[in-house]
Each structure stands twice: as structure tokens, then as C-alpha cells.
Amino acid sequence: QQGISTAMKVGTDAMLLGAWASPGAAQHILDVGCGTGVLTLMCAQQAQPSARMHAIDVCKEACAQTAENAHVSSWATRISVECTSLQVHQLTNTAQYDFVICNPPYFLSSYWPSSSPDSTDTQDKQQQRRMVARHAGGPGPVRPLQSSKAVSSSIDPAMGPAPALTYEELASGCSSLLLEQGNLCVVLPSVNGEAKQFAQLAVCSGLTLAAALRVRTSNEDLHGKRWLLRFVKATTDCLSEAVDSNKLAVQGEVMQGEGVQGEEWLAGVHVEELVMNEWHPPLKPGGQRLLVPTAAYLSLTRGFHHPRYFKQ
């Protein structure tokens, strides 16, 4: 169930991330910004029977929806839900997770709705929640970068959840919550350099980019609009072992990071590419071309429901 008041609905990004980012042998799993709980449930489906999932979100409607979906699932006893922000959660929960997954605030900047924060209009409130979920740093210009220490010290748990999450807060918060050799998996756009900027901030927070999947919506999408990224909290010596223990789900075209044109931040990283759909000629003269899911996409998502109407 997705609920009327939940800010972010189930979509292609979550489906791709949840299918690709297998938790492997992880025992303590955190879903940051759980929304409807789809990533929590996908992790529960793939994780070991002894694994426990914890889902957090700043939106009480999202937490209620996740809790409801978890309750009617096969993994209800293994899932807990908490209405809080990552910034607050990290202050009292340090280094206890070996797998963190997040479909984070997607864009660095954009236009925000002009409605007042005190508006009682249901559509205005829902739009505001959606904008908080989709945009890093809140309305207006992106906040200047701060050190991890400054981020932590500026948050008072008594003040409740923060209104929005910056990329640096996400990177530093997840790093502080991860055990050594723990994994962080995220999905981010590439159009305005969001994935690159987050990767650089993650490295500054003590994480190592271990693997990346470039997602092309179709065979005519030459450069791709999404990156799925896996980070490991590990020293260089331990990195290979950590990646091997979390085998990647896509066995498609493999590229060395150095070979991805214009993406120098991927140097030395295991990079794969997924084309979701292929354009086919019309079945009859004058007809419309057909957009057909690729075998690789269907193979990746075969263990999950993936309705064809998901927005791409």
C-alpha cells in the first residue's frame, strides 16, 4: 500500500535499487527515508532469516505506511519503524548496522512550492513533504558544506526531526552508523553531477566507492540518468573482501571506471551498465514503435513485482 498522504510513492528508482543492492549476509539493516517501506521489504525478502530491518523517516505518514505494509508482510517480526531523522538517529545509534540503503533526496536544487509552511491545504502539505523528500538541503540554495562534527553538534534531539537532509549529512551519518566493512547503497541522478558530488562527500566521510551501476532508460539514452552506488566502510586492504561478500546482482556489460567518459570520479571502481528498455520497430507500417523491457532488466527484478506502469 502507498497511501494518499505518503510523500514518495513506489517507483523505478526504488525498484532498481532494492533489486540490485542485495544485503547479503548483513544482520542489521537500516532503511533511511523509508517512504512506503518498499526498500525495507525488498531487503527483508533477500536477507538472512536472522536479519533485522530498521526503517526511519521524518514523515509520520510515511512511517505509518511502512509500519502497515510491514505488518501485513511475511517479515513483520523482523521489521521496526521509527519516526526520526538520520541526523538524530546517528547521535544515539553509533556503528551498529552492517548494511544501509537509501533512496535519498534526489536533486541538489530546484523550485520549491510557494505555499506557506503553515498552510492547512492537504495538497500543499503533501507537495511540501514530496519536495523535502526529493531535494537535498531544503528550500532555497544548497546549504554550505559543513564538517561531520559540525553537523552532529548542530542537532538537538529534543528539537525533533530535521526538515531536510543534505548530501553531506547523509554521507557522514551513514558512515558513523556503519560497522567496519558495512555497505551503503544509494541511487542518485547524474544529470547535474549529483552522484559525483555525493561520492566525493562519502569518501571524505570515510567510505570507499566499491561498485557502480549506470542505468540507461532505453538504448537511445546514451549517457544514462541514474547511478546506483555501493560504498564500503573499509580500508583498502579489506575492500576486495567486502565487495566479494556482497556479490552484485547485474551480470551485464562491465567497464573499468577509467573507461567511463567524463566520469573520472569512477577511476578504479567496478562499473556495470544496465539498459532497461529497447525500442523496437512498429509491428505494422505506420504504427508506433514499441518500448520493450530488456532481458537484463527483467532478470534483475524477477524476484519482485515490477508493474509496467512504473514511471521511468
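Above: the structure in question.
Computed from a prediction, not measured in an experiment: that's the story for all the values here.

A. Summary view of the packing of aromatic side chains. Under the definition given, this model contains three aromatic pairs. Considering the side-chain rings of Tyr 167 and Phe 198, the 5.8 Å spacing of their centres and the 85° angle between planes classify their relative orientation as edge-to-face. Here Tyr 167, found in helix α7 (residues 167–177), pairs with Phe 198, found in helix α8 (residues 194–204); they are 31 residues apart in sequence, far enough to count as distant. Under the relative-accessibility criterion, Tyr 167 is labelled buried at 3%. For Phe 198, a relative accessible area of 0% puts it in the buried group. A cation sits over an aromatic face here: Arg 289 above Trp 279, 4.4 Å from the ring centre.

B. Local environment of the nonpolar core. Residues Leu 16, Leu 17, Trp 20, Ile 29, Phe 99 and Ile 101 are the most contacted members of the largest nonpolar core, which totals 33 residues. Breaking this core down by element, the ones donating at least two residues are α1 (12–20), α2 (38–46), β4 (97–102), β5 (178–189), β6 (208–218), β9 (270–280) and α10 (295–300). Grouped together as the second largest cluster of nonpolar side chains are 32 residues, Leu 30, Val 100, Leu 165 and Leu 177 included.

C. Inspection of the state of the cysteines at higher detail. Scanning the model with the defined rule gives zero disulfides in all. Among the cysteines around Cys 59, which has no disulfide bond, Cys 63 carries the closest sulfur, lying 7.1 Å off. What makes Cys 59 buried here is its relative accessible area of 9%. Note on Cys 83: no disulfide assigned, nearest cysteine sulfur contributed by Cys 63 at a separation of 4.0 Å.

D. Examining the pattern of salt bridges more closely. With the rule as written, the count across this model stands at six salt bridges. A salt bridge links Arg 216 to Glu 273, with the nearest nitrogen and oxygen atoms 3.1 Å apart. Of this pair, Arg 216 sits in strand β6 while Glu 273 is found in strand β9, placing the two residues 57 residues apart along the sequence. Arg 216 gets classed as buried once you look at its relative accessible area, which sits at 13%. Note on Glu 273: relative accessible area 10%, which makes it buried.

E. Representation of the side chain of Ser 85 in the model. By the element assignment, Ser 85 lies in the loop between β3 (79–83) and α4 (86–92). A residue is classified by how much of its surface remains accessible, and Ser 85, at 1% relative accessible area, is buried. From its side chain, Ser 85 meets the backbone nitrogen of Val 88 in a polar contact 3.1 Å long.

Rules and cut-offs
- Residues numbered from 1 in each chain as written.
- Predicted model: local features only at pLDDT ≥ 70, side-chain atom pairs only at ≥ 80, totals over all residues.
- Heavy atoms only, no water.
- Phe/Tyr/Trp six-rings, centres within 6.5 Å; stacked < 30°, edge-to-face > 60°.
- Helix = DSSP H or I, 4+ residues; strand = E, 2+ residues; numbered from the N terminus.
- Buried < 20%, exposed > 50% of the residue type's maximum accessible area, 1.4 Å probe, protein only.
- Lys NZ or Arg CZ within 6 Å of the ring centre and 35° of its normal.
- Core = buried A, V, L, I, M, F, W, Y, C linked by side-chain atoms within 4.5 Å.
- Disulfide = S-S within 2.5 Å.
- Salt bridge = Lys/Arg side-chain N within 4 Å of Asp/Glu carboxyl O.
- Polar contact = N/O pair within 3.5 Å; in protein donor to acceptor, adjacent residues only side chain to side chain.

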